[in-house]
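Working through the structure, step by step
Letter by letter, the chains look like this.
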Amino acid sequence: RELWLSQQDELPRARKGMERKPLRLERTKGSEILFGIGPCSLALSQARRDLFRLFLKQSSSRRPVMSEFVLQATARGVPVLHVQRRELDELCRGQVHQGVCLEATPLRFKSLEDAETPGLGGEASGNRQVIWLVLEQIQDPMNLGALLRSAYFLGVDRVVTSHRNSCPLTPTVSKASAGAMEVFDVYSTDDLQSFLKAKTAEGWEVVGTVSKPEDVEDVPVVSCLEFQWDKPLIVVIGSEGEGLSLETQLLCHRMLAIPPGRALQPGIDSLNVSVATGILLHSICSQKRRHGD
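Residues numbered from 1 in each chain as written. Predicted model: local features only at pLDDT ≥ 70, side-chain atom pairs only at ≥ 80, totals over all residues. Heavy atoms only, no water.

Which entries qualify depends on this criterion: UniProt positions are given in the numbering used here, feature names are shortened, and annotations may be inferred rather than shown by experiment.
The name recorded for the chain in an unreviewed UniProt entry is rRNA methyltransferase 1, mitochondrial, from Tachuris rubrigastra. According to its UniProt record, the chain has this under Sequence similarities (unreviewed entry): "Belongs to the class IV-like SAM-binding methyltransferase superfamily. RNA methyltransferase TrmH family." If you open the UniProt record of the chain and go to Subcellular location (unreviewed entry), you find "Mitochondrion".

Right, dumping it as structure tokens:
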């Protein structure tokens with residue numbers, strides 16, 4: 001009986017030892033793990049990051065997109081490792097990786113001094129149809145990614161974020177942007193109000209955004225459907241919960257509002273910040289395209 005009991009005690013431990021543990025991959029110091037087809041493919045093609053290793057799911061090696069990844073990595077001299085799905089899950093902490101992860105150095109915000117360099121965005125040549133998107137304390141990486149995707153798609157020339165209380169440029173942001181973060185420079189400022197004052201002095205128009213026009217004082221509110229612009233423009237978007245700070249509101253020449261299509265019930269009387277920004281930018285940037293024609 002004692003022998004039988006001792007054997008039963010050993011069986012679970014033996015079974016546990018037979019289970020393959022996830023591969024513990026030593027990360028390169030200072031690196032991060034990009035995940036998803038769009039971010040990884042664009043990071044490989046853009047050469048804006050230092051790249052260390054590409055991880056592909058073993059069973060998906062016959063897919064054409066994975067063959068393309070191997071070609072891209074080989075061209076860049078990046079080692080390719082074929083690993084199991086659970087190892088990819090561990091690398092990106094359970095995010096949706098689509099069978100691919102890439103170890104790389106992080107992307108950082110650029111300084112505004114770089115943005116002022118002549119030839120970037122056309123503003124130095126007196127272009128009246130330049131538009132910059134300014135983000136004040138956007139904290140959700142999914143929202144930031146969606147904002148970057150819309151800004152890139154719709155033709156915004158520059159995106160500037162406030163440095164304080166804002167989301168950094170993480171792999172989650174890149175995935176939410178469908179990889180737009182890998183090709184679109186994002187700038188940051190420590191003093192948003194001084195930046196807006198300086199741009200106003202240079203002749204730019206600064207417009208804010210508001211979901212409830214009745215909450216705004218001392219700044220004219222106009223529907224985005226009626227808004228027209230004929231000088232370099234900055235559109236300022238506020239944080240998810242609080243919107244624009246009062247200090248920033250008072251630096252705006254006008255506030256833009258999206259008119260609802262029906263009488264709204266309390267609690268669902270506003271839009272997600274990235275959705276609202278997409279609507280506003282489409283309305284504004286469509287004027288830019290018409291004038292370009």
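Having seen the model, we can carry on.
**Regarding the overall build of the chain**
The criterion, for reference: Here a helix means four or more residues in a row that DSSP labels H or I, a strand means two or more in a row labelled E, and each is numbered from the N terminus. A simple rule labels every residue: compare its accessible area, found with a 1.4 Å probe on the protein chains alone, to the largest value its type can have, and call it buried under 20%, exposed over 50%, or partly exposed in between. Note that accessible areas follow from Shrake-Rupley with a 1.4 Å probe, and for residues the cover is restricted to the protein chains shown.
If you tally the helices and strands in the chain, you get 10 helices and 12 strands. Scored against the burial criterion, the 293 residues of the chain give a buried share of 43%. Accessible area for the chain stands at about 16100 Å²; split by element, carbon and sulfur atoms hold 51% of it.

**A short note on empty space enclosed by the protein**
For clarity, the threshold we go by: Buriedness of a pocket was judged along seven lines, with at least five required to meet protein on both sides within 12 Å; pockets are open sets of points on a 1 Å grid over the protein atoms alone, cavities are sets where a 1.4 Å probe fits but cannot get out, and lining residues have an atom within 4 Å of a point. Grid points are joined across faces, edges and corners, and a volume is the space filled by probe spheres set on the points. Residue polarity follows a fixed list, in which Ala, Val, Leu, Ile, Met, Phe, Trp, Tyr, Cys and Pro are nonpolar, Asp, Glu, Lys and Arg are charged, and the others, Gly among them, are polar.
The full count for this structure, using the stated rule, is 1 cavity of 30 Å³ or more. When its volume is computed, the largest cavity comes out at roughly 30 Å³. Here the lining of the largest cavity is composed, by residue class, of 5 nonpolar, no polar and 3 charged.

**Digging into the pairing of strand β12 (residues 254-257)**
This is how it is decided: The rule for pairing is simple: two strands pair if DSSP sees at least two bridges between them.
Pairing between strand β9 (residues 205-209) and β12: 3 bridges, direction parallel. Among the inter-strand pairings, V207 is bridged to a residue of β12, identified as R254. Of the strand pairs in this sheet, strand β10 (residues 221-223) and β12 are connected by 3 bridges, and their pairing is parallel. Considered in β12, the bridge of V221 is made with M255.

**Some remarks on the sheet that holds β9**
The strand order β5-β8-β7-β6-β11-β9-β12-β10 describes an open sheet built from 8 strands, whose pairing is parallel. Sheet topology places β5 (110-111) and β10 at the edges, where each strand pairs with a single neighbour.

**So, the sheet that holds strand β4 (residues 100-104)**
How we decide: Comment: axis = line fitted to C-alpha atoms, over the contacting stretch for helices; angle = value between 0 and 180 degrees taken between N-to-C directions. It only takes one pair of heavy atoms within 4.5 Å for two residues to be counted as in contact.
Pairing within the open sheet is mixed, and its 4 strands lie in the order β1-β4-β2-β3. With one partner strand each, in any of the chains shown, β1 (32-35) and β3 (80-83) form the two edges of the open sheet. The average undirected angle you get between the axes of adjacent strands in this sheet is 25°. Packing of helix α2 (residues 37-46) onto the sheet brings it into contact with β1, β2 (51-57) and β4, and relative to β4 it is tilted by some 45°. Running at roughly 165° to β2, helix α3 (residues 64-76) makes contact with β2, β3 and β4 of the sheet.

**A few points about α2**
Here is the rule we go by: Read the arc as the range of directions from the helix axis to the C-beta atoms.
Taken together, the buried positions of α2 are P39, C40, A43 and L44. The buried residues of α2 occupy an angular sector of 125° when the element is viewed end-on, so they sit on one face. Buried residues along α2 sit against β1, β2, α3, β4 and α7 (171-176). Note on α2: the residue one or two positions beyond its end, A47, has a positive phi of about 60°.

**Some points on the packing of α2 against α3**
Convention followed: Small angles under 35 degrees read as roughly parallel and large ones over 145 as roughly antiparallel, with 65 to 115 read as roughly perpendicular and the rest as oblique. Handedness of a helix crossing follows the sense of rotation of the near helix relative to the far helix, less than a right angle counterclockwise being left-handed and clockwise being right-handed.
Where α2 contacts α3, the axes come no closer than 9 Å and their chain directions differ by 30°. On the basis of their axis angle, the class for α2 and α3 is roughly parallel. Crossing of α2 over α3 shows left-handed handedness. Packed against α2, whose contacting residues are I37, C40, S41, A43, L44 and S45, the element α3 presents V65, F69, Q72, A73 and R76 at the interface. Tallied by class, the residues present in the contact of α2 with α3 amount to 7 nonpolar, 3 polar and 1 charged.

**Considering the packing of aromatic side chains**
We count it as follows: Classification of ring pairs uses Phe, Tyr and Trp, with its six-membered ring standing for Trp, and accepts pairs whose centres are within 6.5 Å; under 30 degrees between planes counts as stacked, over 60 as edge-to-face, and the remaining range as tilted.
For the structure shown, the criterion picks out 3 aromatic pairs. On the basis of an interplanar angle of 65° and a centroid distance of 5.1 Å, the ring pair of W132 and W204 is categorised as edge-to-face. With W132 in strand β6 (residues 131-135) and W204 in the loop between α8 (192-201) and β9, the pair connects residues that are 72 residues apart, well separated along the chain. Here W132 and W204 have matching classes, each one buried. Ring centres of Y152 and F184 lie 5.7 Å apart, and the angle between their planes is 65°; on these two criteria the pair is classed as edge-to-face. In this pair, Y152 is assigned in helix α6 (residues 141-154) and F184 in the loop between α7 and β8 (186-189), connecting sequence segments 32 residues apart. Of the residues examined, F184 reaches a relative accessible area of 9% and is grouped as buried. Each residue in the set W132, F195 and W204 is aromatic and connected to the rest through ring pairs, giving one cluster.

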